[in-house]
Amino acid sequence: MSLQATLGMTVLEATPSLTRVEMTVTDAGLNMHGTAHGGVIFSLADEAFAVISNLEAQAVAVDTHLSFFRAAQVGDRLVAVATPERVGRTLATYRVEVRRLGAETEKVALFTGTVSRRDRPAGTSPRP
């Protein structure tokens, strides 16, 4: 079973200019303070980053950064919205905003990531 499935993530939209991935925070994803574990929020952002960066090329992460702004609670539906900042021939950088659904203006976290990219081998396709 994939981490995406284990955490209950759903790809809502996947295009090279905008990718959205959603999940609901569950009891299994809490930290010692009773809020969403940072690793769960990172995993959601990283999934959106992985999907968008692999749509047009084969990509692997070389750098990521995550800033937390607000805590997420059990039952919160979170959406990670990924957009490209700069896409070059061999490197690409993406911005991923993690937001609480129902409060689209409330940012929970901001993720940035850079990938090394290369042409996809013949006969392979991306995994949305």
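Residues numbered from 1 in each chain as written. Predicted model: local features only at pLDDT ≥ 70, side-chain atom pairs only at ≥ 80, totals over all residues. Heavy atoms only, no water.

**Notes on the pairing of strand S2 (residues 19–24)**
For strand S1 (residues 10–14) and S2, the ladder comprises 4 bridges, and the chain directions are antiparallel. When the sheet's bridge partners are listed, Ala 14 is paired in S2 with Thr 19. Where S1 folds back on S2, the antiparallel hairpin that results is connected by 4 residues. Summarising the sheet, S2 and strand S4 (residues 77–87) pair through 6 bridges and their orientation is antiparallel. When the bridges of S4 are listed, Arg 20 appears paired with Val 81. (Pairing = 2+ DSSP bridges. Helix = DSSP H or I, 4+ residues; strand = E, 2+ residues; numbered from the N terminus.)

**Section: the environment of Gln 58**
Its location among the elements puts Gln 58 in strand S3 (residues 58–68). Between the alpha carbons of Gln 58 and Arg 120 there is a distance of 4.9 Å; along the sequence they are 62 residues apart. Discounting chain neighbours no more than four positions away, the residues touching Gln 58 are Ser 116, Arg 117, Arg 118, Asp 119, Arg 120 and Pro 121. (Contact = heavy atoms within 4.5 Å.)

**Some points on the environment of Val 74**
Tracing the backbone shows Val 74 in the loop between S3 and S4. On the basis of relative accessibility, which here comes to 42%, the residue Val 74 falls in the partly exposed class. Distance from Val 74 to Gly 102, taken between C-alpha atoms, is 15 Å for residues 28 residues apart in sequence. With residues up to four places along the chain from it excluded, the contact list for Val 74 reads Val 25, Thr 26, Asp 27 and Leu 30. (Buried < 20%, exposed > 50% of the residue type's maximum accessible area, 1.4 Å probe, protein only.)

**A short note on the pattern of salt bridges**
If you walk through the whole model with that rule in mind, you get 8 salt bridges. Close ionic contact of Arg 20 with Glu 13 constitutes a salt bridge, the shortest N to O distance being 3.2 Å. Between Arg 100 and Glu 106 there is a salt bridge; the shortest N-O distance is 2.7 Å. Classification of Glu 106 by relative accessible area gives partly exposed; the value is 22%. (Salt bridge = Lys/Arg side-chain N within 4 Å of Asp/Glu carboxyl O.)

**Regarding the side chain of Arg 117**
Looking at the element boundaries, Arg 117 is found in strand S6 (residues 107–118). One buried charged residue, Arg 117, forms no salt bridge at all, with the nearest opposite charge on Glu 56 at 4.6 Å. A polar atom in the side chain of Arg 117 sits 2.9 Å from the backbone oxygen of Gly 88. Other than its neighbours up to four places away in sequence, Arg 117 contacts Glu 56, Ala 57, Gln 58, Ala 59, Val 87, Gly 88, Arg 89, Thr 90, Leu 91 and Ala 92. (Lys, Arg positive; Asp, Glu negative; His and termini not counted. Polar contact = N/O pair within 3.5 Å; in protein donor to acceptor, adjacent residues only side chain to side chain.)

Scope: geometric values only; no functional claims are made or implied.
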